[in-house]
Amino acid sequence: MTEKWNITLRVSRQKDTENQHFDDFKMEVNPDEYVLDAVERVWAFMDRTLCYRHACHHSTCGACGMRVNGVEKLTCITPIRAVTSNGATLKVEPLRNFPVVSDLAVDMGAFYRKMEVVSARAVLPITEAEIENPATNWPQNDAQFLRLSDCLECGLCISACPVAATSPEYLGPAPLAAAQDVGIHRNPELLGIVDCEDGVWRCHSAFECTAVCPSFVDPARRIMALRTQVIGAKLGKLFGKA
Amino acid sequence: MNNQPSANKFWAWFNPMGRQVGGWAFILNRITALGLTFYLFLHLIVLNQLAQGPAAYGGFIALTENPIVKLGELLVVAAAIMHGLNGIRIIFTSFGIGVTRQKELFYGFMVVALVAILFFAARMYMG
Amino acid sequence: MTKPHAIIIGAGFTGVATAHDLALRGFDVTVVERGDICNGTSGRTHGLLHSGGRYAVKDKESAIECIDENTILRKIVPQVIEPNGGLFIAIEEGDLAYAEQFIESCEECHIQLDELTPQQALKLEPNINPKVLSAFIIPDGTFDPLRLALAFAGTAKHNGAKFRTYTEVQGLLTDGKGTVTGIKVLDRASNKSQELHADVVVNATGAWAGQITGMAGLDAPVKPTPGIMVAYDQRFVQRAINRLNVPGDGDIVLPQRRMVVVGTTSFDAENPDYIPVTDEQIKIMLDRGSELIPGIRNAKPRGIYMATRPLVGGGSGRSIARTFKCYDHKETHGIDGLVTITGGKATTLRAMAEKTADVVCAKLGVTTACVTKETPLLSYRQYYTIPN
Ligand SMILES: Cc1cc2nc3c(=O)[nH]c(=O)nc-3n(C[C@H](O)[C@H](O)[C@H](O)COP(=O)(O)OP(=O)(O)OC[C@H]3O[C@@H](n4cnc5c(N)ncnc54)[C@H](O)[C@@H]3O)c2cc1C
Ligand code: HEM
Ligand code: SF4
Ligand code: FES
């Protein structure tokens, strides 16, 4: 028998120029379902005006990021069991630091512009993915294989970053991590883009990005590694190594 | 549209809701840093007053026996210890040391900070 | 001369590809979608860039369409594709019996095919079932569903198309003589109703196509047939792994990012809005998937979800040909101004769009030719970065 829980889904609502408020939906759920399933059922059976973003339902598209009980989650892979208990209230809100389009849906424009600025890689050779899961010794000729990059461009890291909250111009975790992945040695133009006030030096090491990233990117580590790249490149310049 | 990041959100960094260990560490670091800076100014002003003469000096020394002022001093010491140790953690991670272990590093340094604070408290109140 | 105005309902693969094609042919395009891009089936598609191998034996028409489109998509949107090929593997004697027809049919459809010994197969993909009896390499691939749609939508936007997301079509406008002249919509983001007029309305709502034609009093022969997919948290393989046999349940395992996704099933449903996941279906994926890759037994599910195929034609389940249908309702029912495109596959989105745009152009006397085969798509991020 599948387990049944009764929960109250408390959903952030905001249409047009309205102020943010919350609507409660009482519902029966299977605790092994995902938070996104509950949100989708609200739309399907309870309130057809609810707006939210989603697409793949298995953590490849990065569309379903929301704050679940205050913390950034990819709702399509967050089991209800992991974030609440039977009889409790589960609060879902839109991501922070993004303009709200309606209810739970946010506008990704500014963020994707920054990903474009650093020419973030969408696909990369399998051998350049830093950590593989499982750690397998793939056959020798694997360099020919391409894979989609780890970063889903979901924006959870931007939402969780306390620096991004106060500085809209700050490039932010995912774009800086993407710059590190491309590497200044491969694209020297990146030096000017990240070595500035709103770039790699803006980070205050709160490590919130890594805490919420659902996809192994570990942006905080990559930001630190990018600082090393930047210093290396500048030292190189200083000593005339092109 | 609302919910945008903006320079007007002056206090947004201060909100501990929906943050995790690293975020709290950041908030703590900033609060202690501001506290220390505030203290530095206070300290300079007081020093300036003390230079007025022996009477002022004596009065001030008496003031330091006041338990509230003593507690204040302990807070400054505590803030300095926490900020300093946390600062060392940030310097480490900035050089790529312990980045993937930053949480443990933070807890470790804060345990050291607690021990140091208790040590100073004991000396201030008992010594 | 003013540009002809086309409204496209639905921003799934079919809708966005049609928007791209019509924008290139000089149309003023408005896409109306009740959710965000890929709100329906497209977002939740399994993600196999079909080589046609799966259909070669039973449905040559589909298979040829697939291999042609597979080749084109690799050229125009490499940014969303893991182009690593696929394996068809035989595990049991019964699978071997299928091999002969398979080889013959793939050759007929010009699907490139290389036979491997079990040792060779295991060397390429060490995590497949060690009991593999025979294997074939074919040019399958995988794609990221949302980004595939965004690349088309972003390029369309760059060429002037407008996207109205969170806008639900609630009725069709007619001129009183039966001709469709526009749509009545509810903007869900602001809760306001509005009427939009156009020279032609394209119904690209997939499994929901019948609801739109119903607004004009017409039936559309679309059958919602959902299927389940389960994503596991380890990337066991680099290539798409197919069971070498007649297409069935849970016989494809795809790598994607750090996961593998097992799919799928096929059954009939009435309401495509919400298809519940059942334990039996999850078990089928685990059982069948681990026949192909035993390690799946010890992996953790990361996402479990359902999507609904818009199958066209009679019959039920997998026996329906997977090809798409484009109806000019003037020809089918004497109702002008409305075109319905449905059926098909993600892999054939461009071809479906070409066909639909041809029908639309013929209706409005536009003679511009289709150039989407040769037009590389812009970065998928353009969809978000170009203001509406
Ligand atoms: C389980 C499964 C696995 C599949 N796997 C593969 C695969 O591996 N490879 C492959 O090539 N193909 C695959 N397919 C097929 C492919 O996913 C579909 O053919 C394709 O996604 C259909 O796209 P569409 O645009 O026609 O429909 P949809 O993506 O469903 O688009 C229709 C859109 O219309 C919108 N809409 C509906 N009603 C309204 C309204 N009233 N007003 C406004 N908008 C409305 C919906 O929100 C939706 O976004 C699979 C399908 C299924 C079900
Ligand atoms: C052991 C001594 C100290 C060390 C190692 C240290 C280290 C640091 C570091 C690494 C930072 C950067 C933190 C970040 O990136 O967010 C910082 C910030 C700061 N420090 Fe210190 N510090 C020390 C003492 C002090 C003292 C005595 C004061 C005050 C008089 C002070 C005031 C500040 C201020 C105002 C900031 C900015 C805080 C912010 O932007 O959040 N520091 N310190
Ligand atoms: S770095 Fe992680 S959290 Fe940030 S956008 Fe990429 S996947 Fe999402
Ligand atoms: S819906 Fe695609 S990542 Fe969650």
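Residues numbered from 1 in each chain as written. Chains lettered and ligands numbered in written order. Predicted model: local features only at pLDDT ≥ 70, side-chain atom pairs only at ≥ 80, totals over all residues. Heavy atoms only, no water.

A.B. asks: Sorry, what's going on with the overall build of chain A here?
C.D. replies: In terms of regular secondary structure, chain A is built from nine helices and nine strands. For chain A, the spread of C-alpha atoms along the three principal axes comes to 65 × 50 × 25 Å. Put simply, of all contacts in chain A between residues at least 6 apart along the chain, 62% involve residues at least 24 apart. Surface summary for chain A: the accessible area is close to 9000 Å², and the carbon and sulfur share equals 53%. Of the side-chain charges in chain A, 25 are positive and 30 negative, and the distance between the mean point of each set is 3 Å. (Helix = DSSP H or I, 4+ residues; strand = E, 2+ residues; numbered from the N terminus. Contact = heavy atoms within 4.5 Å. Areas by Shrake-Rupley, 256 points an atom, 1.4 Å probe, with all protein chains shown as cover. Lys, Arg positive; Asp, Glu negative; His and termini not counted. Charge placed at Lys NZ, Arg CZ, Asp CG, Glu CD.)

A.B. asks: Quick question: what am I supposed to make of the confidence of the model for chain B here?
C.D. replies: Low-pLDDT stretches of the model should not have their predicted coordinates read in fine detail. Residues with a pLDDT of 70 or more make up 96% of chain B, whose mean pLDDT is 88. The ipTM, which scores confidence in the relative placement of chains, is 0.94 for this predicted complex, and the corresponding pTM is 0.94. (pLDDT = per-residue confidence, 0-100.)

A.B. asks: I tried to follow the sheet that holds strand E8 (residues 141–143) of chain C on my own but got confused; where do I start?
C.D. replies: By way of backbone hydrogen bonds, the strands of a sheet pair with one another, either parallel or antiparallel. All names here are of chain C. With antiparallel pairing, three strands are arranged side by side in an open sheet as E3-E8-E4. Each edge of the open sheet is held by one strand with a lone partner, namely strand E3 (48–49) and strand E4 (81–82). Examined bridge by bridge, E3 and E8 share two bridges and lie antiparallel to one another. Each bridged residue has a counterpart across the sheet, and for Leu48 the counterpart in E8 is Thr142. (Pairing = 2+ DSSP bridges.)

A.B. asks: Explanation requested: the coordination of the iron atom of ligand 2 in the structure shown.
C.D. replies: Angles at a metal have ideal values that depend on geometry: 109.5 degrees with four tetrahedral donors, 90 or 180 degrees with six octahedral donors. Protein coordination of the iron atom of ligand 2 is limited to a single donor, B:His83 (NE2), which sits 2.0 Å from the metal. Secondary-structure assignment places B:His83 in helix H3 (residues 67–94). (Donors = N, O, S within 2.8 Å, 3.2 Å for Na, K, Ca; no water.)

A.B. asks: Got a minute to help me understand the site of ligand 3 in this structure?
C.D. replies: Among the 13 residues in the neighbourhood of ligand 3, the closest are listed as A:Cys151, A:Cys154, A:Gly155, A:Cys157 and A:Cys213. Looking at side-chain class alone, the shell around ligand 3 contains 11 nonpolar, one polar and one charged residues. (Near = heavy atom within 4 Å. Nonpolar A, V, L, I, M, F, W, Y, C, P; charged D, E, K, R; others polar.)

A.B. asks: Before we go on, may I ask you to explain the pattern of salt bridges in this structure?
C.D. replies: Where charged atoms of side chains with opposite charge meet at close range, the side chains can pair. Per the stated rule, a full pass over the model turns up 47 salt bridges over all chains. Between A:Glu72 and A:Arg96 there is a salt bridge, with the nearest N and O atoms lying 3.0 Å from each other. Here the residue A:Glu72 occupies a position in strand E4 (residues 71–74), and A:Arg96 occupies one in the loop between strand E5 (89–93) and strand E6 (100–102), the gap between them amounting to 24 residues. Two residues, C:Asp336 and C:Lys363, come together in a salt bridge whose shortest N-O distance is 2.6 Å. In this pair, C:Asp336 is assigned in the loop between helix H8 (329–333) and strand E20 (338–342) and C:Lys363 in helix H9 (residues 349–364), connecting sequence segments 27 residues apart. Its relative accessible area of 24% is what places C:Lys363 among the partly exposed residues. (Salt bridge = Lys/Arg side-chain N within 4 Å of Asp/Glu carboxyl O. Buried < 20%, exposed > 50% of the residue type's maximum accessible area, 1.4 Å probe, protein only.)

A.B. asks: What exactly am I supposed to notice about the interface of chain A and chain C here?
C.D. replies: A common measure of how large an interface is: the accessible area buried when the components associate. Taken together, the contact pairs 62 residues of chain A with 56 residues of chain C. Taken over both partners, the interface formed by chain A and chain C buries close to 5100 Å², and the fraction arising from carbon and sulfur atoms is 51%. In this assembly, chain A and chain C are joined by eight salt bridges. Across the pair A:Glu116 and C:Arg381 runs a salt bridge whose closest N-O atoms are separated by 2.8 Å. Counting across the interface, chain A meets chain C through 31 residue pairs in polar contact (both at pLDDT 80 or more). Sorting the residues of the side of chain A that touches chain C by element identifies helix H1 (35–46), E6, helix H3 (109–117) and strand E9 (146–148) of chain A as the ones contributing at least two each. Here the side of chain A that touches chain C gets six residues from one element, more than from any other, and that element is H1(A). Residue composition of the side of chain A that touches chain C, grouped by class: 33 nonpolar, 13 polar and 16 charged. (Buried area = accessible area lost by both parts, 1.4 Å probe. Polar contact = N/O pair within 3.5 Å; in protein donor to acceptor, adjacent residues only side chain to side chain.)

A.B. asks: Help me out: how do you make sense of the packing of helix H1 (residues 13–24) of chain C against helix H5 (residues 145–158) of chain C in this one?
C.D. replies: Between two packed helices, the angle of one axis relative to the other and the distance separating the axes together describe the packing. Residue and element names in this part refer to chain C. Between H1 and H5, the shortest axis-to-axis distance is 8 Å and the interhelical angle comes to 25°. One way to sum up the angle between H1 and H5 is to call them roughly parallel. In this structure, H1 crosses over H5, and the sense of that crossing is left-handed. Counting all contacts with H1, which are made through Phe13, Val16, Ala17, Ala19, His20 and Ala23, the residues of H5 involved are Pro145, Leu148, Ala149, Phe152, Ala153, Thr155 and Ala156. Within the contact of H1 with H5, the residues separate by chemical class into 11 nonpolar, two polar and no charged. (Axes fitted to C-alpha atoms, helices over the stretch in contact; angles between N-to-C directions. Parallel < 35°, antiparallel > 145°, perpendicular 65-115°, else oblique. Left-handed = near helix turned anticlockwise from the far one by under 90°.)

A.B. asks: It is not clear to me how the interface of chain B and chain A should be interpreted in this structure. Could you clarify?
C.D. replies: Counting residues at the interface gives 27 residues for chain B, matched by 33 residues for chain A. With both sides pooled, the region where chain B packs onto chain A buries about 2300 Å², and carbon together with sulfur makes up 55% of that total. Contact with chain A buries area across many residues of chain B, yet B:Pro5, B:Arg19 and B:Gln20 alone supply 23% of it, more than any other trio. Across the chain B-chain A interface, the total number found is zero salt bridges. On the surface where chain B and chain A come into contact, there are seven residue pairs in polar contact (both at pLDDT 80 or more). Within the residue set of the side of chain B that touches chain A, elements represented by two or more residues are helix H1 (21–50) and H3 of chain B. In terms of residues, the side of chain B that touches chain A owes the most to one element, H1(B), which gives five residues. For the side of chain B that touches chain A, the residue count by class is 11 nonpolar, 12 polar and four charged.

A.B. asks: Is there a simple way to think about the sheet that holds strand E1 (residues 5–13) of chain A in this case?
C.D. replies: Residue and element names in this part refer to chain A. The strand order across the open sheet built from five strands is E2-E1-E5-E3-E4, with neighbouring strands paired in mixed fashion. In the strand order of this sheet, the two ends are held by strand E2 (21–29) and E4, each with one partner. Recorded for the sheet is a direction-independent mean angle of 35° between the axes of neighbouring strands. Taken together, the two bridges between strand E3 (residues 65–68) and E5 define a ladder with antiparallel strand orientation. Paired with Val68 across the bridge in E5 is Val92.

A.B. asks: I would appreciate a short explanation of the domain arrangement of chain A in the present structure.
C.D. replies: Residue and element names in this part refer to chain A. Assigned domains of chain A: these are domain 1 (5–106) and domain 2 (109–238). For domain 1 and domain 2, the distance between their C-alpha centres works out to 28 Å. Taken together, the contact pairs 15 residues of domain 1 with 14 residues of domain 2. Buried surface at the junction of domain 1 and domain 2, both sides included, amounts to about 1100 Å², of which 62% is carbon and sulfur. Our count for the contact surface shared by domain 1 and domain 2 stands at zero salt bridges. Joining domain 1 to domain 2, the criterion identifies five residue pairs in polar contact (both at pLDDT 80 or more). (Domains from an automatic or database assignment.)

A.B. asks: Sorry if this is basic, but what is going on with the confidence of the model for chain A here?
C.D. replies: With 93% of its residues at a pLDDT of 70 or more, chain A has an overall mean of 92. Highest mean pLDDT in chain A belongs to E3(A) (98); lowest belongs to strand E8 (residues 123–125) of chain A (91).

A.B. asks: Whenever I open this one, the arrangement of the chains confuses me. Can you help?
C.D. replies: Summarising the chain contacts, two pairs of chains touch, and the pair with the most contacts is chains A and C. Chain C makes no contact with chain B, the minimum C-alpha separation between the two being 12 Å.

A.B. asks: Sorry if this is basic, but what is going on with the pairing of strand E15 (residues 240–243) of chain C here?
C.D. replies: Residue and element names in this part refer to chain C. Residues Ala240 and Asn242 line one face of E15 and the alternating positions Ile241 and Arg243 line the opposite face, and both faces are buried. Pairing of strand E5 (residues 86–90) with E15 involves four bridges; the strand directions are parallel. In the strand pairing of E15, Gly86 is matched with Ala240. Two strands pair when backbone bridges link them, and E15 and strand E16 (residues 252–256) are joined in this way by two bridges, in the antiparallel orientation. Residue pairing in the sheet places Asn242 in a bridge with Ile252 of E16.

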